[in-house]
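Take a look at the letters that make up each chain.
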Amino acid sequence: FDYVGGDVVVAPDPYSTNTVLFTRAGVTEVSGAFDQNMNPAVAFVDGTGAWLWFFDTVPSAYAFLELPAGTRTPFLTMDDKRATANTYNDILLFYVLNTNLTYRQQRNRFDVERILYSFNGPQVDIMRVGMNKGLRVQVEVEGPDI
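Residues numbered from 1 in each chain as written. Predicted model: local features only at pLDDT ≥ 70, side-chain atom pairs only at ≥ 80, totals over all residues. Heavy atoms only, no water.

Draft legend 1. Quick peek at the overall build of the chain. When its secondary structure is counted, the chain shows zero helices and 13 strands. Along its sequence from the N terminus, the chain presents helices and strands in the succession β-β-β-β-β-β-β-β-β-β-β-β-β. Against the globule reference of 15 Å for 146 residues, the chain gives a C-alpha radius of gyration of 15 Å, in line with a compact fold. Reported as C-alpha extents along the three principal axes, the dimensions of the chain are approximately 45 × 40 × 35 Å. (Helix = DSSP H or I, 4+ residues; strand = E, 2+ residues; numbered from the N terminus. Rg over C-alpha atoms; globule rule 2.2 N^0.38 Å.)

This is the structure:
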């Protein structure tokens, strides 16, 4: 997932042919993931705030979801990519809001916000998210308020 000339794009590795997912001005951060049906989802930040673009199963169409004002460093990951987990895995959206590490799940159409952890202050950013060797989703954060 990348941002090129006003377009949020995806390209298969190692190929260089980009597929435009959507066009949006002023994107400064992009994070993406695919669900089990290979539908892409993109969390991004632009001049208006943080957003999620995903395949919404109710209207069977892609939709933009505006995240709460002040949302920082949104990241997407699939929680369990193993073939044996294909009946219960989800795309997870993580972000920092105020002093909280927060997440949402695809199975709830990203509507339910859950707080995982509260930090000492607002100066914390997510650096990476993914499954670790212990088969658990791990969120790496940094900042003076950890």
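Back to the write-up after that little detour.
Draft legend 2. Region of interest: the nonpolar core. One finds Leu52, Leu76, Leu93 and Phe110 to be the most contacted residues of the largest nonpolar core, which totals 15 residues. For this core, the elements supplying multiple residues, two or more each, are β5 (40-46), β6 (49-56) and β9 (91-97). Broken down by element, this core gets its largest block of residues, four residues, from β9. Excluding anything up to four places from it in sequence, Leu52 contacts Val42, Ala43, Ala63, Phe64, Leu65, Leu67, Leu76, Leu93 and Phe110. (Core = buried A, V, L, I, M, F, W, Y, C linked by side-chain atoms within 4.5 Å. Buried < 20%, exposed > 50% of the residue type's maximum accessible area, 1.4 Å probe, protein only. Contact = heavy atoms within 4.5 Å.)

Draft legend 3. A look at unusual backbone geometry. With phi around 60°, Phe110 is a residue other than glycine that occupies positive phi space. For Phe110, the position within the fold is in the loop between β10 (100-105) and β11 (114-118). With a phi angle near 60°, Leu135 is a residue other than glycine that sits in the positive phi range. Position of Leu135 among the secondary structure elements: in the loop between β12 (125-131) and β13 (137-142). Overall, the relative accessible area of 39% leaves Leu135 in the partly exposed class.

Draft legend 4. Focus on the sheet that holds strand β7 (residues 61-66). Taken together, four strands build an open sheet; the order of strands is β4-β5-β6-β7 and the sheet is antiparallel. Where the open sheet ends on each side, the last strands, each with one partner, are β4 (29-34) and β7. Going from strand to strand, the sheet's axes swing by 15° on average, the running direction of each strand aside. (Pairing = 2+ DSSP bridges. Axes fitted to C-alpha atoms, helices over the stretch in contact; angles between N-to-C directions.)

Draft legend 5. Representation of the environment of Trp51 within the structure. Looking at the element boundaries, Trp51 is found in strand β6. Along the backbone, Trp51 and Pro74 are 23 residues apart, and their C-alpha atoms lie at a distance of 8.3 Å. Apart from the residues lying within four places of it in its own chain, the contact partners of Trp51 are Arg24, Val42, Ala43, Phe44, Asp46, Phe64, Leu65, Glu66 and Leu67. Within the structure, the side chain of Trp51 is placed 3.4 Å from the side chain of Asp46, a separation counted as a polar contact. Here Thr48 takes part through its side chain, which lies 3.0 Å from a polar atom of the side chain of Trp51. (Polar contact = N/O pair within 3.5 Å; in protein donor to acceptor, adjacent residues only side chain to side chain.)

Draft legend 6. Inspection of the pattern of salt bridges at higher detail. Inspection of every chain in the model, using the stated rule, returns six salt bridges. One salt bridge connects Asp90 with Arg107, and the closest N-O pair in it is separated by 2.3 Å. Placement of Asp90 in the loop between β8 (71-78) and β9 and of Arg107 in the loop between β10 and β11 is noted, with a sequence separation of 17 residues between them. Between Glu140 and Arg128 there is a salt bridge whose closest N-O contact spans 2.6 Å. One end of the pair, Glu140, is in strand β13; the other, Arg128, is in strand β12, with 12 residues separating them in the sequence. Its relative accessible area of 55% is what places Arg128 among the exposed residues. (Salt bridge = Lys/Arg side-chain N within 4 Å of Asp/Glu carboxyl O.)

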